Amino acid sequence: MHDINRLLPATPKGWQYELVYKNIRHIYFRIYPDKRTVRISAPARISSKALEGAIQAKSAWLINRMNALSNAPAPFNPLSAIKDSGSCMIWGRQLPVIRGTFNSRPGICLTTESEIIIRVPSGFDAIKEENLWNQWLRSLLNERIQTLLERWQPAMGVAPVEFRLKKMKTRWGSCNTLARRIWLNTVLVHLEPCLLECVVVHELAHLLEPGHTQRFYQIMETYLPDWKAKESLLNKIELRQ
Ligand SMILES: [Zn+2]
């Protein structure tokens, strides 16, 4: 393999390179601003000379792009902050996670100071802890969904048979109009509450109009005049990560 770092221009602070060899014919450079990564995809059998030549030809452009992106505000992607071990994003706010002393039952709670306290015995199983988190996050979502339904069901004159939660990689919500069942993405608990509301109203609107027709958008416009801005924010969030 090639000594890639010798060939590459020095990165601005926080940036890194990633070289992957693939079964392709040409060399590609791709910049991932949220990961501060430049990925170079090179043909598996590329010669050192060809790789060096391609990198040299691109190096001024790479440095320019990295510098420009370093100065730009970070792209809106709350999901990138979720997995930070010392904090957790809840309803669009990054909250500190503190390990409290274990009393009798494992549990997680939110204090009035907006701190998340997790109480588990020392050496608690990682999978059990993950389950505890997921249950807690679901309970936060369920609570807010109930409140939203109390408002929107009578306002829109619709009533789904049930709401269910699921972690989804491609969509924020879906509506089975025949079964009148609505699915919502559990990731919504990390975003601002108005975005959950937008998804709830969108899925309820499908009970009035199944397709994304002119009529559907009119319904959205009637109940949530700023739905477009909210949906465009949701569409900017990369769910596959
Ligand atoms: Zn839809």
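Quick look at the structure, then. A quick note: this is a predicted structure, and the numbers were derived from the prediction, not measured.

## A look at the coordination of the zinc ion
Now for step 1: Those protein atoms acting as donors to the zinc ion are His-202 (NE2), His-206 (NE2) and His-212 (NE2), and they sit at 2.0 Å.
Now for step 2: Sequence positions of the residues that donate to the zinc ion give the spacing H-x3-H-x5-H.

## Structural notes on unusual backbone geometry
Now for step 1: For Trp-91, which is not glycine, the phi dihedral falls at a positive 45°.
Now for step 2: Structurally, Trp-91 can be placed in the loop between β4 (87–90) and β5 (93–99).
Now for step 3: A positive phi angle is found at Ser-114, which is not glycine, with a value near 60°.
Now for step 4: Position of Ser-114 among the secondary structure elements: in the loop between β6 (107–110) and β7 (116–119).

## Let's talk about the packing of aromatic side chains
Now for step 1: Tallied over the entire structure, the rule returns four aromatic pairs.
Now for step 2: Ring centres 6.3 Å apart and planes at 90° place the aromatic pair Trp-152 and Tyr-223 in the edge-to-face group. Of this pair, Trp-152 sits in helix α4 (residues 126–156) while Tyr-223 sits in helix α6 (residues 214–223); the two residues are 71 residues apart in sequence, bridging distant segments of the chain.
Now for step 3: Their ring planes at 15° and their centres at 5.3 Å tell us that Tyr-217 and Trp-227 sit as a pair that is stacked. Of this pair, Tyr-217 sits in helix α6 while Trp-227 sits in helix α7 (residues 227–236), placing them ten residues apart in sequence.
Now for step 4: Its relative accessible area of 31% is what places Tyr-217 among the partly exposed residues.
Now for step 5: Among the aromatic residues, those joined into a cluster by ring pairs are Phe-216, Tyr-217 and Trp-227.

## Considerations on the pattern of salt bridges
Now for step 1: Applying the stated criterion to the full structure yields seven salt bridges.
Now for step 2: Residue Glu-129 pairs with Arg-99 through a salt bridge whose shortest N-O separation is 2.5 Å. Remark: Arg-99 occurs in strand β5 and Glu-129 occurs in helix α4; sequence separation between them is 30 residues.
Now for step 3: Note that Arg-164 and Glu-162 form a salt bridge whose closest N and O atoms lie 3.0 Å from each other.

## A look at the packing of helix α5 (residues 193–208) against α7
Now for step 1: The geometry of α5 relative to α7 is characterised by a closest axis approach of 10 Å and an angle of 105° between their N-to-C directions. When the axis of α5 is compared with that of α7, the two are roughly perpendicular. Residues Cys-194, Leu-195, Cys-198, Val-199 and His-202 of α5 pack against Trp-227, Lys-230, Glu-231, Leu-233 and Leu-234 of α7.
Now for step 2: For the contact of α5 with α7, the class distribution of residues is seven nonpolar, one polar and two charged.

Criteria and thresholds
Residues numbered from 1 in each chain as written. Predicted model: local features only at pLDDT ≥ 70, side-chain atom pairs only at ≥ 80, totals over all residues. Heavy atoms only, no water. Donors = N, O, S within 2.8 Å, 3.2 Å for Na, K, Ca; no water. Helix = DSSP H or I, 4+ residues; strand = E, 2+ residues; numbered from the N terminus. Phe/Tyr/Trp six-rings, centres within 6.5 Å; stacked < 30°, edge-to-face > 60°. Buried < 20%, exposed > 50% of the residue type's maximum accessible area, 1.4 Å probe, protein only. Salt bridge = Lys/Arg side-chain N within 4 Å of Asp/Glu carboxyl O. Axes fitted to C-alpha atoms, helices over the stretch in contact; angles between N-to-C directions. Parallel < 35°, antiparallel > 145°, perpendicular 65-115°, else oblique. Contact = heavy atoms within 4.5 Å. Nonpolar A, V, L, I, M, F, W, Y, C, P; charged D, E, K, R; others polar.

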